[in-house]
Amino acid sequence: MQASRARLFKEYKEVQREKSADPDIQLVCDDSNIFKWTALIKGPSETPFEGGVFQLAFSVPEQYPLQPPQVRFLTKIFHPNVHFKTGEICLDILKNAWSPAWTLQSVCRAIIALMAHPEPDSPLNCDSGNLLRSGDVRGYQSMARMYTRLAAMPKKG
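Residues numbered from 1 in each chain as written. Predicted model: local features only at pLDDT ≥ 70, side-chain atom pairs only at ≥ 80, totals over all residues. Heavy atoms only, no water.

### Describing the UniProt feature "domain: UBC core" (unreviewed entry) in the protein
UniProt tags residues 3-153 as "domain: UBC core" (unreviewed entry). Between the first and last C-alpha atoms of residues 3-153 the distance is 38 Å; the span itself is 34% helix and 15% strand. (UniProt positions renumbered as here; feature names shortened; annotations may be inferred. Helix = DSSP H or I, 4+ residues; strand = E, 2+ residues; numbered from the N terminus.)

Structure follows, in structure tokens:
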């Protein structure tokens, strides 16, 4: 557990130092628990998520970095690889392709890449996956855009 704390503390210091280096990701550590983090990520441009800001919750195991963090969307998102109700993310690096070389910041980057390049063949959201698999890209994009507007964009006063 000492090793995981040291690693997370190092990542925390790096995030503080590089705040302006990556404007698409804002990673924040819980004040009272270094194993709990949240992130705000910007929807990638030229996707139905563009203009949205999505909140992620990280639960880091005590065996980190030997085991991956659990990450889920707190913001509703219509995406084939994200469970609509729980926000669980189907991404190989969070499961069997994890490596201790990954950081919480690079996990955020991978999630942004997944948002731009969905994998409809391993869906957690079957409705979304079926739209893409059947070739209805317009239907998928309009649903994803609608949920982005409803859940991930600031309300206009």
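So, next bit.
### Some remarks on helix α3 (residues 126-133)
Two residues of an α-helix separated by three or four positions point the same way, owing to the 3.6 residues in each turn. Within α3, burial applies to Ser128, Gly129 and Leu132. Along the axis of α3, the buried positions cluster into a sector of 95 degrees, meaning they face one direction only. Structurally, α3 contributes buried residues whose contacts are with α4 (137-152). Of the residues that open α3, the one with a side-chain oxygen 3.2 Å from the backbone nitrogen of aspartate 127 is asparagine 125. (Buried < 20%, exposed > 50% of the residue type's maximum accessible area, 1.4 Å probe, protein only. Arc of directions from axis to C-beta. Contact = heavy atoms within 4.5 Å. Polar contact = N/O pair within 3.5 Å; in protein donor to acceptor, adjacent residues only side chain to side chain.)

### Some points on the pairing of strand β3 (residues 53-59)
With 7 bridges joining them, strand β2 (residues 36-42) and β3 adopt antiparallel strand pairing. Bridging from a neighbouring strand, lysine 36 pairs with serine 59 of β3. Bridging between β3 and strand β4 (residues 70-73) involves 4 bridges; their strand directions are antiparallel. Residue pairing in the sheet places serine 59 in a bridge with glutamine 70 of β4. (Pairing = 2+ DSSP bridges.)

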